[in-house]
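Summary of structural features
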Amino acid sequence: MKDMTAAAIKGQKENVVTDYTLKILGLDICADTMVGDGRIRAISGGQRKRVTTREMLVGPSKALFMDEISTGLDSSTTYHIVNSLKQSIHILNGTAVISLLQPAPETYNLFDDIILLSDSQIVYQGPREDVLEFFESMGFRCPERKGVADFLQEVSNIKEKPFRFVTVKEFAEAFHSFHIGRKLGDELASPFDKTKSHAAALTTKNYGVRKKELLKANMSREYLLMKRNSFVYIFKVTQVSVMAVIAMTLFLRTEMHKNSTDDGGIYTVALLFTVVMIMFNGMAELAMSIAKLPVFYKQRDLLFYPAWAYALPTWVLKIPITFVEVGVWVFITYYVIGFDPNVGRLFRQYLLLLLVNQMASGLFRFIAAAGRNMIVANTFGSFSLLMLLELGGFILSHDDVKKWWIWGYWSSPLMYAQNAIMVNEFLGKSRNKNVTYSTESLGVEVLHSRGFFTDAHWYWIGTGALLGFIFVFNICYNLCLKYLNRISGNAETGERGEEMVEVSAEANHNKKKGMVLPFQPHSITFDDIRYSVDMPEEMESQGALEDRLELLKGVSGAFRPGVLTALMGVSGAGKTTLMDVLAGRKTGGYIERNITISGYPKKQETFARISGCSWLR
């Protein structure tokens, strides 16, 4: 009653539903823990499968199509999941179709209807209570002590023939003449009366909640990811600080003079280094954006949220970090290098570099979303940087660019950034002095010598152009997220690989057998194996006092030659962790072990030659 009351209160409904599904699926013990991937070990394989199921249950979906949700789960967990789904479907009048492979008897008895497929044809479709009656009419009676699911699997499997063989076509034709099949055919033959359905039976909205709530949820998730990846942002700030110190020693003001155009040329190099450094610091967005794309594609296709609700937080929440990074660079290097001492020009340079960093971040996010693959994105990212540098106005000035490439000069964001920062610096009072061989000031002469524009309004032209590029790149990023799908090259490569393996296996089979090397059976024993990792921050915040989280607690055992051993346990019990430790696959954490191979201490260098590991992920 308390939960029902909380579910009716605005603001608490989502928390109650989330907590309830966590407990039903047995995920409450690993709540607020990273799922992990091939490189980061977090939750177990069975728990990872249950997270996928939970994603569907928490949402507003009323029609659920769930394929093999019991894979990797123990029978008890599968029973609880299906039981909770049954209650939800009956109470909320929803629809669920679940594909299972030989479920346990208690799980099978939870279903209302059964659809039995064989050889792409429907053998039976109807109430669970009548399925045995149909097969008894065909001459197949289920043994008393045999599970119904196992019986249906065997009797309809064309590869197994424990009973009198009947073709799938004969089963399908007999079902159409069975009373359940005739009733189903009559229902399908009569047209549906739409007047009996509710006016709001079908939703007219693509998403379950309002756009404001979707944006808020994505903001919260992006902020959480930024906190988890805080090391990256701390490293970027540290990198900027180190590079600022290096720039200070290279362009120290005591060695930098302002008496000639040659001296001004050195300052142009310092400004170029400043712009390029700030722009390259945004390249980290490329790898981070690609790493998040698989989850985005899955959730976008399931209509969790639109592309703009995902793209906007990744842009907006990074702006404060840009203020910090650019501030560290500008306020460390500006006066030490000896730029114009006017404080107004300092803040104008600060504003310009803010736009440069945001422009570069938007560009690399756009490249990541367009490439969708690290190799492709890095290739195009490197190419784009080369083009920006070539046509940025420093390596090739405006007068040196060929006519057929002048469009690239005017479309380069780096050109506007460099002209703006050069004008801001060389039109200041510190360089407003005449030179002996010209009527122009020293700053204007430096700009002329390097092929930059000399009008003061070019600062605002460059600022406006960079602001426009920021919007253009982020809009293109949003469009790529909306219309492009994940690259399916891996699947094609996998199919080709399977074909090559089959051809290779067939070729090896046709070859004559050669010499067979002697095989020496080995036994493996392990005593008091302990494996622990550093306590996760999420558990420390919840009050955990220990420094380490122990995953294996004094496990002992032995595997003998000629004996097939089954390692069993519920999901999250530590089966995969124990296998990883025994096979030497654990590269992190703290391992205390005593493992012997046929009585000799195990050495991973030699053990790898006699062992084989196979993990189904």
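Residues numbered from 1 in each chain as written. Predicted model: local features only at pLDDT ≥ 70, side-chain atom pairs only at ≥ 80, totals over all residues. Heavy atoms only, no water.

Some remarks on the overall build of the chain
- Scanning the chain for helices and strands turns up 25 helices and nine strands.
- Taking all 617 residues of the chain together, 37% fall into the buried category.
- As displayed, the chain offers around 37400 Å² of accessible surface, 59% of which is attributable to carbon and sulfur atoms. (Helix = DSSP H or I, 4+ residues; strand = E, 2+ residues; numbered from the N terminus. Buried < 20%, exposed > 50% of the residue type's maximum accessible area, 1.4 Å probe, protein only. Areas by Shrake-Rupley, 256 points an atom, 1.4 Å probe, with all protein chains shown as cover.)

Some remarks on a negative patch on the surface
- A grouping of Asp534, Glu537, Glu540, Glu546 and Asp547 is seen on the molecular surface, where their side chains present a negatively charged patch.
- Mapped onto the elements of the fold, Glu540 is located in helix α23 (residues 537-541).
- The exposure class of Glu540 is partly exposed, given its relative accessible area of 41%. (Patch = residues over 30% accessible without salt bridge, like charges linked within 9 Å, V, L, I, M, F, W, Y side chains within 5 Å. Salt bridge = Lys/Arg side-chain N within 4 Å of Asp/Glu carboxyl O. Lys, Arg positive; Asp, Glu negative; His and termini not counted. Charge placed at Lys NZ, Arg CZ, Asp CG, Glu CD.)

Topic: a nonpolar patch on the surface
- A grouping of Leu467, Phe471, Ile475, Leu479 and Tyr483 is seen on the molecular surface, where their side chains present a nonpolar patch of about 510 Å² in accessible area.
- Tracing the chain through its elements places Phe471 in helix α21 (residues 458-483).

Here's the deal with the packing of helix α13 (residues 284-301) against helix α16 (residues 343-371)
- It is at 9 Å that the axes of α13 and α16 come closest, and there the two elements cross at 45°. Between α13 and α16, the angle falls in the class oblique. The two elements α13 and α16 meet at a crossing, and its hand is right-handed. Every residue of α16 that contacts α13 at Glu285, Leu286, Ser289, Ile290, Leu293 and Tyr297 is listed here: Ser361, Phe364, Arg365, Ile367, Ala368 and Ala369.
- By residue class, the composition of the contact of α13 with α16 is eight nonpolar, two polar and two charged. (Axes fitted to C-alpha atoms, helices over the stretch in contact; angles between N-to-C directions. Parallel < 35°, antiparallel > 145°, perpendicular 65-115°, else oblique. Left-handed = near helix turned anticlockwise from the far one by under 90°. Contact = heavy atoms within 4.5 Å. Nonpolar A, V, L, I, M, F, W, Y, C, P; charged D, E, K, R; others polar.)

Remarks on helix α12 (residues 261-280)
- Between its first and last C-alpha, α12 extends 28 Å over 20 residues, near the 28 Å set by a 1.5 Å rise per residue.
- The element α12 is extensively covered by neighbouring structure, given that 15 of its 20 residues are classed as buried. (Expected span 1.5 Å × (residues − 1).)

Quick notes on the packing of aromatic side chains
- Enumeration according to the criterion identifies 32 aromatic pairs in this entry.
- Both rings, one in Trp315 and one in Phe471, keep their centres 5.5 Å apart while their planes meet at 90°; by these two values the pair is edge-to-face. A residue pair is termed long-range when its members are at least 10 positions apart, and Trp315 in helix α14 (residues 307-316) and Phe471 in helix α21 qualify at 156 residues.
- Owing to a relative accessible area of 16%, Trp315 belongs among the buried residues under this scheme.
- Ring geometry for Tyr334 against Tyr335: centres 5.1 Å apart, planes inclined by 80°, an arrangement best described as edge-to-face.
- Classification of Tyr335 by relative accessible area gives partly exposed; the value is 35%.
- Here the basic side chain of Arg348 rests over the ring of Tyr459, its NZ or CZ set 4.4 Å away from the ring centre.
- Here Arg548 stacks its cationic end above the ring of Tyr590, 3.6 Å away from the centre of that ring. (Phe/Tyr/Trp six-rings, centres within 6.5 Å; stacked < 30°, edge-to-face > 60°. Lys NZ or Arg CZ within 6 Å of the ring centre and 35° of its normal.)

Describing the confidence of the model for the chain
- Here the chain averages 80 in pLDDT, and 86% of its residues register 70 or above.
- By mean pLDDT, helix α1 (residues 2-8) is the weakest element of the chain at 41, and α21 is the strongest at 94.
- Note that residues 1-11 has pLDDT below 50 and, in this model, six contacts with residues that lie over four places away or in other chains.
- Considering only residues more than four positions removed or in separate chains, one finds that residues 490-507, a stretch of pLDDT under 50, has zero contacts. (pLDDT = per-residue confidence, 0-100.)

A closer look at unusual backbone geometry
- Of note in the backbone geometry, Leu303 takes a positive phi value of approximately 60° without being a glycine.
- Take Leu303: it is sitting in the loop between α13 and α14.
- Accessibility expressed as a relative area gives 42% for Leu303, which makes it partly exposed.
- The phi angle at Arg372 is positive, at roughly 60°, despite the residue not being glycine.
- Its place among the elements puts Arg372 in the loop between α16 and α17 (374-390).

Considerations on the environment of Tyr459
- Inspection of the secondary structure puts Tyr459 in helix α21.
- Taking the C-alpha atoms as reference points, Tyr459 and Leu352, separated by 107 residues in sequence, lie 8.6 Å from one another.
- Discounting residues that sit within four places of it in the chain, Tyr459 has contacts with Arg348, Gln349, Leu351, Leu352, Ala420, Val423 and Asn424.
- In terms of polar contacts, Tyr459 uses its side chain to reach the backbone carbonyl oxygen of Arg348, at 2.5 Å. (Polar contact = N/O pair within 3.5 Å; in protein donor to acceptor, adjacent residues only side chain to side chain.)

Let's talk about the packing of helix α15 (residues 319-337) against α16
- The geometry of α15 relative to α16 is characterised by a closest axis approach of 9 Å and an angle of 140° between their N-to-C directions. Overall, the two elements α15 and α16 adopt an arrangement that is oblique. Crossing hand, α15 versus α16: right-handed. Seen from α15, the contacting residues are Ile319, Thr322, Phe323, Glu325, Val326, Gly327, Trp329, Val330, Phe331, Tyr334 and Tyr335; seen from α16, they are Val343, Arg345, Leu346, Phe347, Gln349, Tyr350, Leu353, Leu354, Asn357 and Gln358.

Section: the pattern of salt bridges
- Counted by the stated rule, this structure contains twelve salt bridges.
- Of the charged contacts, one joins Arg530 and Glu550 as a salt bridge, the two residues approaching to 3.0 Å between their closest N and O atoms. One end of the pair, Arg530, is in strand β5 (residues 524-534); the other, Glu550, is in strand β6 (residues 548-559), and 20 residues separate them in sequence.
- The partly exposed category is assigned to Arg530, whose relative accessible area is 30%.
- Accessibility expressed as a relative area gives 33% for Glu550, which makes it partly exposed.

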